[in-house]
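# Inside the fold
So the chains spell out like this:
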Amino acid sequence: MPSIDLTGKAAVVTGSGRGLGLAYAHALAAHGASVVVNDVDEAVAEAAVKSITEAGGTAVAEVVPVGTTEAAQRLVNRAVEEFGRLDVLVTNAGILRDKVLWKMTDDDFDAVVTTHLKGTFTCARAAAVRMREQGEGGTLILVGSPAGQRGNFGQTNYAAAKAGIAAMARTWSMELGRANITVNAIVPVAATAMTETIPAFSPYVEAMRNGEPFPDFLRKGEGFGTPEDCAALVPFLASEAARGVTGQAIGIGGDKVALWSHPQEIAAAYADGGWTPDILADVWPSSVGAELQSVGIPAPKFPEA
C-alpha cells in the first residue's frame, strides 16, 4: 500500500470545529491537504484552524450554518479562493433534536433534516459542480450513522436523515462515476458530545478524559473509541489508494472497520396468480415471515462484573 499523500489537494469539512469533524480536518491536513474548516461558532472555528496550523497543516475558517445553497456555495468558493481548487468534501455538520414520535415538533424535525440531509445535498451539489468543472475527479465523503442503518429510539429525524445520506451516496456514486468522483458514506462510532450522553458509555468517556484508554471490549467488541480513531478513513478515501471504492457505507470506530451491506431482499415466496390476504396469512409464518429482521442499534455488551 502506497503512503497516503494528499499534497496539493483542497478539502472542505463541514462541522469541523470540534469532535469528529475536527479529527477529520486534522487527518486530512496531516496528510498534506489544505482544509476549509467550517463551524457556526467563529471562536471554535478559529481555534480549530489554529490547532491545525500549529501542527504544521494548512487551514482557513468559513463560519456559516450548513443547509442552504448559499452556505454550500460559500464553502466551495472559499476553497477555490484560498487554494485554487476543491478535491474533497466531507459532510459532517449535524445537530440533534431527540424526541419520540408523538412529542417531536415540526421544528425539531425540520432543523435536523435541514442540517443533515439538505446540508449534505446542497454541499455535495456545489462540490460536484466544481469538481466536474475541474475535470480531475474528486471525493465526496458523507457522514452517516448507525441510527441511519438500523434506526434508533427517539431519533425519527436523525435516523431518517442519516438513512437518506446513505441512499444519496449510492445514487451519487452512479451519477458521478464518469467524472471520476467517488462517493461513500462513513458510519463512525466514537466518544463525542452526541454519544457521551448514553449512560452505558458515560463512565468510560469520563475515564478517557482522565487519561485512561478505552478497554479492548469497547475498542474491538463495540468498535467504540475516540474521534481520532475514526479519522483515518477520511484521508484513505480521499487518496488514490481508494479510487476504486465508491457507493459504499463503511463503519469505523475504535479498533474496528467494517463494511455495511446495502438493503437487499433476503427471502421471497411466490403464489401462482398472485397473492390474496388469506394466502399471505396462511404462508407468512413459514416463508418470508420466518426471516423478520431486528431493528435498533444493538445494546453494548459489557463484561460481567
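Residues numbered from 1 in each chain as written. Predicted model: local features only at pLDDT ≥ 70, side-chain atom pairs only at ≥ 80, totals over all residues. Heavy atoms only, no water.

### Points about unusual backbone geometry
We count it as follows: Strands here mean DSSP runs of E at least two residues long; helices mean DSSP runs of H or I at least four residues long; both are numbered from the N terminus. Only protein chains enter the accessibility calculation, which uses a 1.4 Å probe. A residue is then buried if its area is under 20% of the maximum for its type, exposed if over 50%, and partly exposed in between.
For Asn-180, which is not glycine, the phi dihedral falls at a positive 60°. Among the secondary structure elements, Asn-180 is positioned in the loop between helix H6 (156-175) and strand E6 (181-188). Overall, the relative accessible area of 39% leaves Asn-180 in the partly exposed class.

### Thoughts on the environment of Ala-29
Topologically, Ala-29 is positioned in helix H1 (residues 19-30). Between the C-alpha atom of Ala-29 and that of Thr-7, which follows or precedes it by 22 residues, the distance is 8.9 Å.

### Notes on a nonpolar patch on the surface
This is how the line gets drawn: Each patch is built from residues lacking any salt bridge and having more than 30% relative accessible area; the joining distance is 9 Å for like charges and 5 Å for nonpolar side chains (Val, Leu, Ile, Met, Phe, Trp, Tyr). Surface exposure here means Shrake-Rupley accessible area, sampled with a 1.4 Å probe, where a residue is shielded only by the protein chains that are shown. By definition here, a salt bridge exists when the distance from a side-chain nitrogen of Lys or Arg to a carboxyl oxygen of Asp or Glu is within 4 Å.
Together, Trp-275, Ile-279, Leu-280, Trp-284 and Leu-292 line one region of the surface with nonpolar side chains, adding up to about 480 Å² of accessible area. Relative to the helices and strands, Trp-284 is located in the segment after helix H11 (277-283).

### Some remarks on the packing of H1 against helix H2 (residues 42-54)
Threshold: Axes here refer to lines fitted to C-alpha atoms; in helices the fit is confined to the stretch in contact. Angles between the N-to-C directions go from 0 to 180 degrees. Any angle from 65 to 115 degrees is called roughly perpendicular, while one under 35 is roughly parallel, one over 145 is roughly antiparallel, and all others are oblique. Two helices cross in a left-handed way if the nearer one is turned anticlockwise from the farther one by less than a right angle. They cross in a right-handed way if the turn is clockwise. It only takes one pair of heavy atoms within 4.5 Å for two residues to be counted as in contact. Residues are grouped as follows: Ala, Val, Leu, Ile, Met, Phe, Trp, Tyr, Cys and Pro are nonpolar; Asp, Glu, Lys and Arg are charged; every other residue, Gly included, is polar.
The geometry of H1 relative to H2 is characterised by a closest axis approach of 10 Å and an angle of 30° between their N-to-C directions. The angle between the axes of H1 and H2 places the two elements in the roughly parallel class. Handedness of the H1/H2 crossing: right-handed. Side by side, H1 and H2 meet where Leu-22, Ala-25, His-26 and Ala-29 of the first sit next to Ala-48, Ser-51 and Ile-52 of the second. Of the residues assigned to the contact of H1 with H2, the class counts are five nonpolar, two polar and no charged.

### Some thoughts on the pairing of strand E1 (residues 10-13)
Remember that side chains alternate between the two faces of the sheet whenever the strand is regular. Our working definition: Two strands make a pair as long as DSSP finds a minimum of two bridges between them. When the strands point away from the viewer, a crossover counts as right-handed if the path from the first strand over the helix to the second runs clockwise.
Neither face of E1 is left uncovered, since the one carrying Ala-10 and Val-12 and the one carrying Ala-11 and Val-13 both have all their residues buried. Pairing of E1 with strand E2 (residues 34-39), which is carried by four bridges, proceeds in the parallel orientation. Paired with Val-12 across the strands is Val-36, a residue of E2. The β-α-β motif built from E1, the intervening H1 and the parallel element E2 has right-handed crossover chirality. The sheet contact formed by E1 and strand E4 (residues 88-91) spans three bridges and is parallel. Within the sheet, the bridge partner assigned to Ala-11 lies in E4 and is Val-88.

### So, the pattern of salt bridges
Taken as a whole, this structure holds 12 salt bridges when the rule is applied. Notably, a salt bridge pairs Asp-108 with Lys-99, separated by 3.1 Å at the nearest N-O pair. Judged by relative accessible area, which is 9%, Asp-108 ranks as buried. A relative accessible area of 34% places Lys-99 in the partly exposed class. For the salt bridge of Asp-229 with Arg-219, the shortest nitrogen-to-oxygen distance reads 2.8 Å. You can see Asp-229 sitting in helix H9 (residues 227-231) and its partner Arg-219 sitting in helix H8 (residues 216-221), a full 10 residues away along the chain. Through salt bridges with shared partners, one network takes in Asp-216, Arg-219, Lys-220, Asp-229 and Asp-255.

### Concerning the nonpolar core
We count it as follows: Here, nonpolar core means buried Ala, Val, Leu, Ile, Met, Phe, Trp, Tyr and Cys residues that are tied together by side-chain atoms lying within 4.5 Å of each other.
Core analysis: the largest hydrophobic core is formed by 35 residues, its most contacted members being Tyr-24, Leu-28, Val-35, Val-37, Val-90 and Ile-186. When neighbours within four sequence positions are excluded, Ile-186 is seen to be in contact with Tyr-24, Ile-141, Leu-142, Val-143, Gly-144, Ser-145, Leu-233, Val-234, Leu-237 and Ile-250.

### Some points on the environment of Phe-153
Along the chain, Phe-153 turns up in the loop between helix H5 (146-150) and H6. A residue is classified by how much of its surface remains accessible, and Phe-153, at 73% relative accessible area, is exposed. For the pair formed by Phe-153 and Gly-289, sequence separation is 136 residues and the distance between their alpha carbons is 24 Å.

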